[in-house]
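Structure assessment
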Amino acid sequence: MSAAKDAPPPLPEPLGVAVADSHTHLDMQSTTVEEALARAAAVGVTTVVQVGCDLKGSRWAAETAASWENVWAAVALHPNEAPRIVSGDPDGWSRQGARQAGGDAALDEALAEIDRLAALPHVKAVGETGLDHFRTGADGMAAQERSFRAHIEIAKRHGKALVIHDRDAHADVLRILREEGAPERTVFHCYSGDAEMAELCARSGYFMSFAGNMTFKNAQPLRDALAVAPLELVLVETDAPFLTPAPYRGRPNAPYLIPITVRAMAAVKAVHEDVLAAAVAENTARAFDY
């Protein structure tokens with residue numbers, strides 16, 4: 001069983017209407033970009049948004065988007081990255097090795113590089129940024145919040161979408177968006193709020209991107225949120241290699257598995273999968289302005 005547990009899931013039935021994966025991490029997947037895009041295209045996933053989480057990943061996202069016609073980039077310092085830049089990362093668990101504390105000056109320097117990357121034409125969004133109260137304790141909150149506010153400003157100045165990572169931080173994320181003024185196009189990646197929050201997001205015109213976790217047994221609150229989210233504000237994503245949809249939970253995720261989530265979403269919205277796919281495709285192009 002353990003070998004099967006690590007094996008990539010089989011290709012699902014292709015979609016009738018092509019869609020985009022609004023949030024993926026190709027650099028963390030165990031295939032080449034070429035293989036990942038070919039497998040995705042074979043099942044009707046013809047566009048992907050490659051998302052950076054740190055300087056190295058954001059540079060890679062921008063380079064990959066420049067090299068591949070169907071890849072767009074988002075660049076940012078992940079909410080958990082900002083406190084590590086400021087306070088150091090002695091355990092080195094963030095893919096970067098052990099790091100010394102760099103203080104606010106190091107964060108400013110990193111944000112300046114994100115600003116430079118955000119200006120590039122293949123970079124369509126600033127993200128994933130936001131707040132993560134799950135992994136970062138009280139000591140890291142100030143750096144996280146300062147970074148989030150800076151990313152909002154960068155997105156607005158360059159006219160790019162803002163891609164939000166919101167983990168256990170709904171009220172604070174919504175508050176900061178109100179205080180700073182959200183960019184014209186704002187995407188809640190891997191939407192994790194409830195139905196009440198979905199109604200708040202809809203009123204503000206925020207896009208809500210649903211991932212494979214909406215298929216999990218315990219995810220009824222996410223399905224309730226999707227049920228009330230307006231069809232014109234809904235996106236789909238993998239967040240691959242994470243959040244593989246049921247029945248493959250725990251196995252490696254990849255953009256080619258998007259059809260499973262699309263079908264689950266169509267069932268929740270009580271529409272034909274082609275209707276949902278067409279809406280999602282149009283919404284993603286509108287959200288990321290491509």
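Above: the structure in question.
Predicted, not measured: the structure shown is a model, and the values here were computed from it. Residue positions are given per chain, counted from 1 along the sequence in the order it is written. In keeping with the predicted nature of the model, local features appear solely for residues at pLDDT of at least 70, side-chain atom pairs appear and are counted solely at 80 or more, and the whole-chain, interface and lining totals rest on all residues. Processing note: side-chain calculations cover all non-hydrogen atoms of the structure and skip hydrogens and water entirely.

Think of it this way: side chains of opposite charge can pair up when their charged atoms draw near. By convention in these notes, a salt bridge is any Lys or Arg side-chain nitrogen within 4 Å of a carboxyl oxygen on Asp or Glu. Inspection of every chain in the model, using the stated rule, returns 15 salt bridges. What you see here is one network of salt bridges that share partners, running through Glu 145, Arg 149, Asp 172, Arg 175, Glu 179 and Glu 180.

In this section: the nonpolar core. To define a nonpolar core, start from buried Ala, Val, Leu, Ile, Met, Phe, Trp, Tyr and Cys residues and group those joined through side-chain atoms within 4.5 Å. To sort residues, take the accessible area from a 1.4 Å probe on protein chains only and compare it with the maximum for the residue type: under 20% means buried, over 50% means exposed, and anything in between is partly exposed. Phe 148, Leu 177, Phe 188, Tyr 191 and Phe 288 are the most contacted members of the largest nonpolar core, which totals 82 residues. For the purposes of this entry, the term helix denotes a DSSP run of H or I that reaches at least four residues, the term strand denotes a run of E that reaches at least two, and both are numbered from the N terminus. Broken down by element, this core gets its largest block of residues, 6 residues, from helix α5 (residues 103-118). Contacts are residue-level and defined by heavy atoms, with any inter-residue pair within 4.5 Å sufficient. With residues near it in sequence (within four places) discarded, Leu 177 still touches Phe 148, Ile 152, Leu 162, Ile 164, Ala 182, Thr 186, Phe 188 and Tyr 206.

It is worth spelling out the sheet that holds strand β5 (residues 161-167) at this point. What makes two strands pair is DSSP finding at least two bridges between them. One open sheet holds the 8 strands; their spatial order is β1-β2-β3-β4-β5-β6-β7-β8, and the pairing between them is parallel. The open sheet terminates on both sides in strands that have one partner only, identified here as β1 (19-24) and β8 (234-236). Each neighbouring strand pair of the sheet contributes to a mean axis angle of 30°, computed without reference to strand direction. Where strand β2 (residues 45-51) meets strand β3 (residues 71-75), 4 bridges bridge the pair, whose relative direction is parallel. Considered in β3, the bridge of Val 49 is made with Trp 72. Lines are fitted to the C-alpha atoms to define the axes, a helix being fitted only along its stretch in contact, and any angle between axes, read from their N-to-C directions, falls within 0 to 180 degrees. Along the sheet, helix α3 (residues 55-67) contacts β2, β3 and β4 (123-132); its crossing angle with β3, the most-contacted strand, is approximately 160°.

By definition, no residue in a patch forms a salt bridge, and every one has over 30% relative accessible area; like charges are joined within 9 Å, nonpolar side chains (Val, Leu, Ile, Met, Phe, Trp, Tyr) within 5 Å. For every accessible area listed, the method is Shrake-Rupley and the probe measures 1.4 Å; residues are considered covered only by the protein chains on display. The charged-residue count follows a simple rule in which Lys and Arg add positive charge and Asp and Glu add negative charge, with His and chain termini not counted at all. A single reference atom marks each charge: NZ on Lys, CZ on Arg, CG on Asp, CD on Glu. On the surface, a cluster of negative charge is contributed by Asp 194, Glu 196, Glu 199 and Asp 224. Within the secondary structure layout, Glu 199 lies in helix α8 (residues 195-204).

The step from Gly 127 to Glu 128 runs through a cis peptide bond, and the omega angle for that step is 15°. Of note, the amide linkage connecting Ala 240 to Pro 241 takes the cis form, showing an omega dihedral of 15°. When you line up the elements, Pro 241 lands in the loop between β8 and α10 (258-269). Unlike most non-glycine residues, Cys 190 shows phi in positive territory, near 45°. Along the chain, the position of Cys 190 falls in the loop between β6 (186-188) and α8. Cys 190 sits in the buried class, given a relative accessible area of 15%.

Remark: α5 packs on helix α6 (residues 141-158), axes separated minimally by 10 Å, with the N-to-C direction vectors making an angle of 25°. In terms of orientation, α5 lies roughly parallel with respect to α6. For the pair α5 and α6, the crossing hand works out as right-handed. Counting all contacts with α5, which are made through Asp 104, Leu 107, Asp 108, Leu 111, Ile 114, Asp 115 and Ala 118, the residues of α6 involved are Ala 143, Arg 146, Ser 147, Ala 150, His 151, Ile 154, Arg 157 and His 158. Any angle that falls under 35 degrees is termed roughly parallel, while one over 145 is termed roughly antiparallel, one within 65 to 115 roughly perpendicular, and all others oblique. Crossing handedness: left-handed means the near helix sits turned counterclockwise from the far one by under a right angle, and right-handed means the same turn made clockwise.

On to the state of the cysteines, then. Criterion for a disulfide: a pair of cysteine sulfur atoms at a distance within 2.5 Å. Applying the stated criterion to the full structure yields 0 disulfides. Here Cys 53 stays free of any disulfide, with the sulfur of Cys 190 as its closest cysteine sulfur at 12 Å.

With that settled, consider the pairing of β4. The element β4 is extensively covered by neighbouring structure, given that 10 of its 10 residues are classed as buried. Pairing of β3 with β4 involves 3 bridges; the strand directions are parallel. Paired with Val 75 across the strands is Val 126, a residue of β4. By convention a crossover is right-handed if, when the strands point away from the viewer, the path from the first strand over the helix to the second runs clockwise. Handedness of the β4-α6-β5 crossover: right-handed.

Glancing now at α6. Here α6 contains 18 residues, and its C-alpha end-to-end distance of 26 Å stays within 8% of the 26 Å for a straight helix at 1.5 Å per residue. Residues of α6 that are buried include every one of Ala 143, Gln 144, Ser 147, Phe 148, His 151, Ile 152, Ile 154 and Ala 155, and no others. A helix is expected to span 1.5 Å for every residue after the first.

Here we come to the packing of helix α9 (residues 220-228) against α10. The geometry of α9 relative to α10 is characterised by a closest axis approach of 9 Å and an angle of 65° between their N-to-C directions. The orientation of α9 relative to α10 falls into the category roughly perpendicular. The handedness of the crossing between α9 and α10 comes out as right-handed. Contact with α9, carried on its side by Arg 223, Leu 226, Ala 227 and Val 228, involves Met 265, Val 268 and Lys 269 of α10 and no other residues of that element. Residues are grouped as follows: nonpolar covers Ala, Val, Leu, Ile, Met, Phe, Trp, Tyr, Cys and Pro; charged covers Asp, Glu, Lys and Arg; every other residue, Gly included, is treated as polar. A class-by-class count of the residues in the contact of α9 with α10 yields 5 nonpolar, no polar and 2 charged.

Let us look at the pairing of β3. The buried fraction of β3 amounts to 5 of the 5 residues, a majority that puts the element mostly inside the structure. Of the two faces of β3, both are covered, the one formed by Val 71, Ala 73 and Val 75 as well as the one formed by Trp 72 and Ala 74. Handedness of the crossover joining β2 and β3 through α3 is recorded here as right-handed.

A pair of aromatic rings is counted whenever rings of Phe, Tyr or Trp (Trp by its six-membered ring) have centres within 6.5 Å, and the orientation is called stacked for planes under 30 degrees apart, edge-to-face for over 60 and tilted otherwise. Applying the stated criterion to the full structure yields 3 aromatic pairs. Ring centres 5.6 Å apart and planes at 20° place the aromatic pair Trp 72 and Tyr 290 in the stacked group. Pair noted here: Trp 72 is in strand β3 and Tyr 290 is in the segment after α11 (273-288), with a separation of 218 residues, a long-range link. Relative accessible area serves as the criterion here: at 32%, Tyr 290 is assigned to the partly exposed category. Centroid distance Phe 188 to Tyr 206: 5.7 Å. Interplanar angle 35°. Geometry classified as tilted. Taken together, the residues span a long stretch of sequence, with Phe 188 in strand β6 and Tyr 206 in the loop between α8 and β7 (207-210) at a distance of 18 residues. Of the two residues examined, Phe 188 and Tyr 206, each falls in the buried class. The rule for a charge over a ring is simple: NZ of Lys or CZ of Arg within 6 Å of the ring centre, and within 35 degrees of the ring normal. Sitting above the plane of the Tyr 256 ring, Arg 39 keeps its charged end 4.4 Å from the centroid. Over the face of the ring belonging to Phe 216 we find Arg 249, whose NZ or CZ atom lies 3.8 Å from the ring centre.

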